[in-house]
Amino acid sequence: MGDVAARVGVSRQLVSLVFRNMPGASDATRARVLEVAEELGYRPDTAAQVLRRARSGHVGVLFTLRHPHDASIVEAIYPAAERVGYDIALGASGPGRDERKAVESLLAYRIEALIVIGPYVTPDKLATLARQIPVVEISRPSDVSGVDSVRTDDHLGVHLAVEHLHALGHRAIVHVDGGDMPGAEDRRSGYRTAMQTLGLDSDIRVVPAGYTEEAGARAARQLMTDGTLPTAIVAGNDRCAIGLIGTFTRRGINVPGDISIVGYDDSQPAGLSYVDLTSVRQDATQLAEAAITAVSERLDQGRDTSTDIVLEPRLVVRGTTAAPRL
């Protein structure tokens, strides 16, 4: 900062005002300071600024790079946080970096709150974190005291999918589920309720799987081995649905000619022209905005009670569902 000030011929204090976007410098001086800083390769030390402030203004986000829907939520969190004056610090977990390390790195940035996307922190750890900072879980209801949750009504989402397939004429509708992943239990429940409501109790069948393409492929192989295929499948999520489609297609089973498939999330791959997947939409922008609102209510408005925000899904119909072949 001293080098910039010396080159421009102003005080360090004036340079500091420019970088903090505070009043006190003319437009010409401000432009010259920024120009010289660019020439010298100067960048303000964000970590040092945080240490000097009583509040950091940072919200941590713990997520994984594996799921497209999670990445969409992360993208939407940035503008939502910016609108209320917060910066985002990302902590990614994966095969070579567990959630403990990711959380520790976020805490080192003096985050004021933590948003967790997915099932990556145990309830005990969440309870410990919630005693230190506000915590918001996205995609599943939280039974941890002091933790807020933001989620889509997964029970309703799968109910919509089954109703859509039934309206097309399907009865043999199978649910390839998400195992113990977030929302999977509510999606199973929504499937069973919808089938019972439509008088299809005897056709209820749940195939255990997961939220990956590999899980969908295994389920497809199991269904082909078992004999008679269903005419329609509601998959646990889009990745699982894509695994189902790929495996069936390689075996000469046409989607949707021979079997209709519905995904869940309406993630970015679902809308690709060569996938064209009918899917239940979880609105990533709404989830992100609701999570940031929950954080702001805790930090800026003093709310000290837990909240569970449930958003309504909708079905996006594309090319993987059709009437059953007679």
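Residues numbered from 1 in each chain as written. Predicted model: local features only at pLDDT ≥ 70, side-chain atom pairs only at ≥ 80, totals over all residues. Heavy atoms only, no water.

Student: It is not clear to me how the side chain of Asp154 should be interpreted in this structure. Could you clarify?
Tutor: Within the secondary structure, Asp154 is located in helix α8 (residues 154–168). Classification of Asp154 as buried rests on a relative accessible area of 3%. Looking at Asp154, its side chain comes within polar contact range of the side chain of Arg187, at 3.3 Å. Within the structure, Asp154 has its side chain in polar contact with the side chain of Tyr264 (distance 2.8 Å). Beyond its immediate stretch of four places on either side in the chain, Asp154 contacts Ser139, Gly183, Asp186, Arg187, Tyr264 and Gln282. (Helix = DSSP H or I, 4+ residues; strand = E, 2+ residues; numbered from the N terminus. Buried < 20%, exposed > 50% of the residue type's maximum accessible area, 1.4 Å probe, protein only. Polar contact = N/O pair within 3.5 Å; in protein donor to acceptor, adjacent residues only side chain to side chain. Contact = heavy atoms within 4.5 Å.)

Student: Help me understand α8, please; the structure alone is not making it clear to me.
Tutor: In an α-helix, one turn spans 3.6 residues; hence positions three or four apart end up facing the same way. The first and last C-alpha atoms of α8 sit 22 Å apart over 15 residues, in line with the 21 Å expected at 1.5 Å per residue. The complete set of buried residues in α8 reads Asp154, Gly157, Val158, His159, Ala161, Val162, His164 and Leu165. Phi turns positive one or two residues past the end of α8, at Gly169, with a value near 115 degrees. (Expected span 1.5 Å × (residues − 1).)

Student: How do you make sense of the sheet that holds strand β11 (residues 308–311) when you look at a structure like this?
Tutor: Strands pair in a sheet through their backbones, by hydrogen bonds, and they do so in one of two ways: parallel or antiparallel. In space, the 6 strands of this open sheet follow the order β2-β1-β3-β4-β5-β11, with parallel pairing throughout. Two strands bound the open sheet, and with one partner strand each, they are β2 (87–93) and β11. Each strand of the sheet is rotated relative to its neighbour by a mean of 15 degrees, with strand direction disregarded. Relative to strand β3 (residues 113–117), strand β1 (residues 58–64) runs parallel, the two sharing 4 bridges. Each bridged residue has a counterpart across the sheet, and for Leu62 the counterpart in β3 is Val116. (Pairing = 2+ DSSP bridges. Axes fitted to C-alpha atoms, helices over the stretch in contact; angles between N-to-C directions.)

Student: Would you take a moment to explain the environment of Val280 for this structure?
Tutor: Among the secondary structure elements, Val280 is positioned in strand β10 (residues 278–281). A relative accessible area of 1% means that Val280 is categorised as buried. For the pair Val280 and Asp308, spaced 28 residues apart in sequence, the C-alpha to C-alpha distance is 21 Å. Residue contacts for Val280: discarding those within four places in its chain leaves Gly157, Ala161, Val262, Gly263, Tyr264, Asp265, Asp266, Pro313, Arg314 and Leu315.

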